[in-house]
Amino acid sequence: MTELHEILYCSLLAPDQPTEIVGQIVSQARARNATEGITGLLVFDGMRFCQHFEGPRKQVLGLLNRLEADPRHTEMRVVYEGELLERRYQRFEMGLAQTEDDAEREDIAILQQLDGAEALERFLALRPRLDIAG
Ligand SMILES: Cc1cc2nc3c(=O)[nH]c(=O)nc-3n(C[C@H](O)[C@H](O)[C@H](O)COP(=O)(O)O)c2cc1C
């Protein structure tokens, strides 16, 4: 069986990038993820990104490398990384949740400071409150 891997990271939209770029990033990401077996969720609060993605280990690490080289965001920090027994996202090749809600933005800001299982739990707890476009 293919070994599944998951990564959660946070980053900031690069200062020279308009917020409209996010729609473009996601539509390209969906097509690519579908071919690579990657599923997940991207949350954007107008300034910060948090993205959680999962799939075969090789493809997930490949995406991580591409993300690290992408100048459209900065200060990228992986807050959780690990093996996974079964997918958490069945439905999305990459869901997008854009939020301007103060409480959710505050949660994302806190999450960015956390590490490991605590960060993952916080993100998973935020999920049901988000309005996700798939
Ligand atoms: C916040 C953010 C999220 C991204 N999410 C994905 C993704 O889920 N899948 C993907 O293939 N590319 C994603 N990208 C784009 C990659 O960084 C990269 O540009 C793209 O995969 C094409 O890489 P290539 O030109 O080296 O082939 C994302 C970029 C940013 C800034």
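1. Looking at the site of the ligand
Neighbouring residues of the ligand: 14 residues in total, closest Arg32, Asn33, Gln51, Arg66 and Asp70. Arg32 places a side-chain nitrogen or oxygen 2.9 Å from an oxygen atom of the ligand. The separation between an oxygen atom of the ligand and a polar side-chain atom of Asp70 is 2.6 Å. Protein contacts shield 76% of the accessible area of the ligand, which totals 620 Å² for the unbound molecule. For the shell around the ligand, the elements supplying multiple residues, two or more each, are α1 (21-36), β3 (48-56) and α2 (57-68).

2. Here we look at unusual backbone geometry
Backbone geometry places Glu75, a non-glycine residue, at a positive phi of 50 degrees. When you line up the elements, Glu75 lands in strand β4 (residues 73-84).

3. Re the pattern of salt bridges
The full count for this structure, using the stated rule, is nine salt bridges. Of the charged contacts, one joins Arg72 and Asp70 as a salt bridge, the two residues approaching to 2.8 Å between their closest N and O atoms. Using a relative accessible area of 21% as the deciding quantity, one classes Arg72 as partly exposed. Across the pair Asp115 and Arg77 runs a salt bridge whose closest N-O atoms are separated by 3.2 Å. Taken together, the residues Asp115 in the loop between α3 (102-111) and α4 (116-126) and Arg77 in strand β4 connect sequence positions 38 residues apart. Classification of Arg77 as partly exposed rests on a relative accessible area of 29%.

4. Structural notes on the environment of Glu83
Note on placement: Glu83 falls in strand β4. Sequence separation between Glu83 and Gly55 is 28 residues, and the spatial gap between their C-alpha atoms is 9.8 Å. Residues in contact with Glu83, not counting those within four places in the same chain, are Glu3, Leu4, His5, Glu6 and Arg57. A polar contact is formed between the side chain of Glu83 and the side chain of His5, at a distance of 3.2 Å. A polar atom in the side chain of Glu83 sits 3.3 Å from the side chain of Arg57.

5. Some points on the packing of α3 against α4
Packing of α3 against α4 leaves a shortest axis separation of 10 Å and a crossing angle of 165 degrees. Overall, the two elements α3 and α4 adopt an arrangement that is roughly antiparallel. Between α3 and α4 lies a crossing of left-handed hand. On α4, the residues touching Glu104, Asp107, Ile108, Ile110 and Leu111 of α3 are Ala119, Arg122, Phe123 and Leu126. Class assignment for the residues of the contact of α3 with α4 results in six nonpolar, no polar and three charged.

6. Some thoughts on α1
Taking 1.5 Å of rise per residue, the 16 residues of α1 would be expected to cover 22 Å, and the 22 Å separating its terminal C-alpha atoms lies within 8% of that figure. Taken residue by residue, α1 has Ile21, Val22, Ile25, Val26, Ala29, Asn33 and Glu36 as its buried positions. On its buried face, α1 is in contact with β1 (4-13), β2 (39-44), β3, α2 and β5 (95-98). Taken from the residues just after α1, Gly37 is the one with a positive phi, measuring 70 degrees.

The rules we used
- One numbering rule holds for all chains: residues counted from 1, following each sequence as written.
- Only residues with pLDDT of 70 or above have their local features reported here, since the model is predicted, and side-chain atom pairs are shown and tallied only from 80 upward, although totals for entire chains, interfaces and linings are computed over all residues.
- To obtain the side-chain values, all non-hydrogen atoms of the structure were used and water was disregarded.
- Residues are classed as near a molecule or strand on a simple rule: at least one heavy atom within 4 Å of it.
- Side-chain atoms alone can form a polar contact between residues adjacent in sequence; in general such a contact is a pair of N or O atoms within 3.5 Å, and within protein one must be able to donate a hydrogen while the other accepts it.
- Here the open area of atoms and residues is found with the Shrake-Rupley method and a 1.4 Å probe, where only the protein chains shown may cover a residue.
- In DSSP terms, a helix is any run of H or I states spanning at least four residues, a strand is any run of E spanning at least two, and both are numbered starting from the N terminus.
- Salt-bridge detection follows one rule: a side-chain nitrogen of Lys or Arg within 4 Å of a carboxyl oxygen of Asp or Glu.
- Relative accessibility thresholds used throughout: buried, under 20% of the residue-type maximum; exposed, over 50%; partly exposed, between the two (1.4 Å probe, protein chains only).
- In this analysis, two residues are considered to be in contact whenever any of their non-hydrogen atoms come within 4.5 Å of each other.
- Only the contacting stretch of a helix is used when fitting its axis, a line to C-alpha atoms as for every element, and angles between N-to-C directions run 0 to 180 degrees.
- Our angle categories are set so that under 35 degrees counts as roughly parallel, over 145 as roughly antiparallel, 65 to 115 as roughly perpendicular, and the remainder as oblique.
- Whether a crossing is left-handed or right-handed is set by the direction in which the near helix is turned from the far one by less than a right angle, anticlockwise for left-handed and clockwise for right-handed.
- Side-chain classes follow a simple rule in which Ala, Val, Leu, Ile, Met, Phe, Trp, Tyr, Cys and Pro form the nonpolar group, Asp, Glu, Lys and Arg form the charged group, and the remainder, Gly included, forms the polar group.
- Any helix carries an expected span of 1.5 Å times its number of residues minus one.

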